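Given next are the chains, with one letter for each unit.
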2 protein chains.
Amino acid sequence: MLPASEDDILTIIQQYFPEKHPQILLGRGDDCAILTLHGSQALTTDIFAEDVHFRRRYFTPFDIGFKALAVNLSDIASSGAVPGGISLGLTLTGNEDLAWIHNFCKGIKTLSSQFSLAVSGGDLSKATALNICITAWGTLPKELPLGLRRGQAQEGDILFLIGTAGLALTGFSLLEKNNDPQSIKKILREWPHACRQHLRPFPMVQEGCLLARFAAQKHLENRISLMDLSDGLAQDLPRLLNTSRTGLGGDIHISCLDQEVLRYAKLCGIPAENLAFKGGEDYALLGSCPPEYWTDLTSTFAKISPNIPTAIGIIKKGSITLQGKKTKLTGFDHFNEHR
Amino acid sequence: MLPASEDDILTIIQQYFPEKHPQILLGRGDDCAILTLHGSQALTTDIFAEDVHFRRRYFTPFDIGFKALAVNLSDIASSGAVPGGISLGLTLTGNEDLAWIHNFCKGIKTLSSQFSLAVSGGDLSKATALNICITAWGTLPKELPLGLRRGQAQEGDILFLIGTAGLALTGFSLLEKNNDPQSIKKILREWPHACRQHLRPFPMVQEGCLLARFAAQKHLENRISLMDLSDGLAQDLPRLLNTSRTGLGGDIHISCLDQEVLRYAKLCGIPAENLAFKGGEDYALLGSCPPEYWTDLTSTFAKISPNIPTAIGIIKKGSITLQGKKTKLTGFDHFNEHR
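Keep in mind it's a predicted model, so treat the numbers as computed, not measured. (Residues numbered from 1 in each chain as written. Chains lettered and ligands numbered in written order. Predicted model: local features only at pLDDT ≥ 70, side-chain atom pairs only at ≥ 80, totals over all residues. Heavy atoms only, no water.)

Caption draft 1: Molecular detail of the relation of the copies chain A and chain B. Rotating chain A by 180° and translating it 0.0 Å along the rotation axis places it on chain B, where the RMSD comes to 0.0 Å. Taken together, the rotation and translation relating the two chain copies correspond to the operation of a two-fold axis. Most of the interface of chain A is mirrored in chain B, where 100% of its interface residues again form contacts. (Least-squares fit on C-alpha atoms with pLDDT ≥ 70 in both. Contact = heavy atoms within 4.5 Å.)

Caption draft 2: Structural view of the side chain of glutamate 50 of chain A. All names here are of chain A. Looking at where glutamate 50 falls in the secondary structure, it is placed in the loop between strand 3 (41-49) and helix 2 (61-78). For glutamate 50, the side chain forms a polar contact with the side chain of arginine 56, separated by 3.1 Å. Those residues in contact with glutamate 50, other than ones at most four positions away along the chain, are Arg56, Thr93, Ala129 and Leu130. (Helix = DSSP H or I, 4+ residues; strand = E, 2+ residues; numbered from the N terminus. Polar contact = N/O pair within 3.5 Å; in protein donor to acceptor, adjacent residues only side chain to side chain.)

Caption draft 3: Inspection of the sheet that holds strand 8 (residues 225-229) of chain B at higher detail. Residues and elements named next belong to chain B. Strand order in the open sheet formed by seven strands is 8-10-7-11-9-12-13, with mixed pairing between adjacent strands. Each of the sheet's edge strands pairs with one partner strand only, and the pair in question is strand 8 and strand 13 (325-326). For strand 12 (residues 320-322) and strand 13, the ladder comprises two bridges, and the chain directions are antiparallel. Note that in strand 13 the partner of threonine 321 across the bridge is lysine 326. Contacting strand 7 (158-162), strand 8 and strand 10 (284-289), helix 7 (residues 205-217) runs over the sheet at an angle of about 145° to strand 7. Here helix 8 (residues 233-241) sits on the sheet and contacts strand 7, strand 8, strand 9 (248-252), strand 10, strand 11 (310-317) and strand 12; the angle it forms with strand 8, its principal contact strand, is near 160°. (Pairing = 2+ DSSP bridges. Axes fitted to C-alpha atoms, helices over the stretch in contact; angles between N-to-C directions.)

Caption draft 4: Fine view of the interface of chain A and chain B. Taken together, the 61 residues of chain A in the interface contact 61 residues of chain B. Summed over both sides, the interface between chain A and chain B buries roughly 4,800 Å², with carbon and sulfur atoms accounting for 57% of that surface. One can count four salt bridges joining chain A with chain B. Its salt-bridge partner being aspartate 31 of chain B, residue arginine 150 of chain A comes within 3.3 Å of it at the nearest N-O pair. Applying the counting criterion to the chain A and chain B interface returns 23 residue pairs in polar contact (both at pLDDT 80 or more). At eight residues, strand 3 of chain A tops the list of elements feeding residues into the side of chain A that touches chain B. The residue makeup of the side of chain A that touches chain B, split by class, is 28 nonpolar, 22 polar and eleven charged. (Buried area = accessible area lost by both parts, 1.4 Å probe. Salt bridge = Lys/Arg side-chain N within 4 Å of Asp/Glu carboxyl O. Nonpolar A, V, L, I, M, F, W, Y, C, P; charged D, E, K, R; others polar.)

Caption draft 5: Layout of the pairing of strand 4 (residues 82-92) of chain A. Residues and elements named next belong to chain A. When you tally the buried positions in strand 4, you get ten out of eleven residues, the bulk of the element. In terms of strand pairing, strand 4 meets strand 6 (residues 131-139) through nine bridges, oriented antiparallel. Directly across from glycine 89, in strand 6, lies its bridge partner cysteine 133. Alignment of strand 4 against strand 5 (residues 118-126), held across eight bridges, turns out to be parallel. Bridge pairing in strand 5 places glycine 89 opposite aspartate 123. Regarding the hand of the β-α-β motif, the stretch spanning strand 4, helix 3 (residues 98-114) and strand 5 is right-handed. (Buried < 20%, exposed > 50% of the residue type's maximum accessible area, 1.4 Å probe, protein only. Right-handed = clockwise from strand over helix to strand, strands pointing away.)

Below you can see the structure in the form of structure tokens.
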């Protein structure tokens with residue numbers, strides 16, 4: 001059944017996201033939400049748009065809600081902030097029935113409740129394609145008012161990855177090639193890791209916060225770099241190193257890859273590391289750390305996190321190479337190509 | 001010339017919106033912006049979507065940028081906050097050339113610079129229709145941590161309007177009826193107030209702040225109501241009064257109407273007040289005030305503001321009537337009707 005009015009949709013949203021929250025003084029239903037925020041705040045806006053970031057063909061409404069929030073929280077994570085809440089700009093097409101809206105809300109809710117997020121409010125509109133524009137905020141530790149940033153790396157620092165690379169691209173490539181529901185089901189069954197990574201990437205919030213605490217304790221706020229791996233190493237690494245200004249690069253070895261990435265690379269007849277190097281949307285964390293703190297950092301993680309930073313290279317002046325070979329750096333740009 | 005890449009668009013945005021701002025610790029270019037905010041914050045998200053909120057046929061790129069921001073600032077104004085900044089979720093179609101993007105930015109800039117807003121960052125995407133999703137924040141006075149809200153009115157209070165009613169609907173109706181550039185030009189020339197009100201409504205930020213200061217000084221935070229008139233009196237008045245819960249209503253007389261509203265109503269053969277009562281998108285402020293403070297309020301405004309609150313009725317138990325007559329309350333709902 002289609003919603004009869006905007007109010008029907010708002011009623012559903014109301015069911016999933018309670019207005020009471022320590023950061024919310026005044027919730028939805030007025031012109032603005034009123035927030036009480038302490039300390040410096042990380043703020044990010046991400047658009048999650050149909051046929052640019054997702055296909056309805058193989059994203060369930062739950063997946064769409066989940067990932068729309070995940071990509072935002074990944075940005076919050078990469079600044080080292082504790083996520084506080086979101087404001088939701090939701091453009092529907094008018095063809096989404098009540099069950100769809102429920103499942104979409106469940107997708108957001110599943111992730112937002114993991115981090116006890118406030119959903120302060122937002123806006124509802126209509127267009128020919130789905131467009132979910134979320135603005136998220138998060139609080140930084142007092143000792144780290146600027147958060148973790150890009151561009152703090154120096155020669156000799158260790159490049160690291162927390163999470164996986166190439167797995168989401170594997171899932172995307174496989175799902176994208178298949179049109180009918182049966183073959184999509186088969187892909188989902190045979191490539192569970194890859195599909196999950198593309199459809200429901202879990203943002204590295206705990207890991208970002210742990211890194212921020214580590215950086216604060218060791219006074220490394222200007223020596224640890226961090227960003228999230230949304231466009232793939234090929235595109236994101238030069239951003240992390242601020243290559244165009246610093247001239248920094250390094251030779252990359254990605255030793256720890258998911259079995260499904262290895263399997264898919266073999267299937268395609270390409271080196272798995274190339275796939276991992278190019279692959280975007282894994283929402284892993286990519287960072288740099290001075291070598292003298294590396295053991296300390298990894299053992300700090302080993303104590304409390306299932307996701308331990310893996311070294312993928314040492315930063316040097318010069319170009320970025322992959323296993324000693326030059327690579328053609330490419331990435332995804334909505335205004336240059338369509339998915 | 002079309003932008004060659006996302007970077008081309010970001011370069012233009014960079015030109016118009018400097019990153020330095022007292023509320024911004026870290027600007028664009030990282031995963032998150034880092035803000036330093038003091039006091040409780042009003043937060044709002046508004047979507048401004050092609051063929052729902054505007055037509056390209058008669059909105060210039062400048063108008064689109066201007067109004068996309070105006071509707072957000074109007075929400076901030078109605079909470080009584082001082083606007084601080086925005087985060088911009090911009091979905092383009094890929095057909096907007098560089099001149100278009102420049103003019104769009106100029107539209108936002110013209111308004112944002114009036115209030116020294118921070119533009120903290122945002123996201124860029126692509127779809128078949130334009131969609132501008134802005135999240136704005138603003139700071140509330142220390143003595144008014146919840147801001148000005150709806151639903152504080154009591155029997156006997158004075159209903160007031162700051163700004164105009166029916167003028168934007170006049171502009172919208174006239175522009176919407178005309179398809180060719182020549183007749184649109186004619187409308188713009190012959191109905192300058194109405195067109196301006198529809199294309200570039202100026203948000204009542206100063207007026208909202210003045211009301212908030214007044215409420216704080218007189219300890220009226222729970223006795224003055226305020227909201228912005230976005231959907232028209234017919235739809236917004238029951239929201240202000242929280243009619244379904246309180247049973248409050250009143251008889252409305254809108255005495256002060258723009259000449260163009262009077263002229264258009266005559267042309268259509270309808271009472272001008274009906275037009276004003278129905279008309280949405282004027283982004284006037286609609287509020288209520290205890291009668292014993294009314295003289296004080298209007299004289300406070302008269303001293304420093306060109307926009308003085310006008311009384312449009314006295315709040316009573318019972319239904320909402322217009323000049324003593326019952327009216328059919330209607331409003332606009334994207335999920336029920338198309339413009």
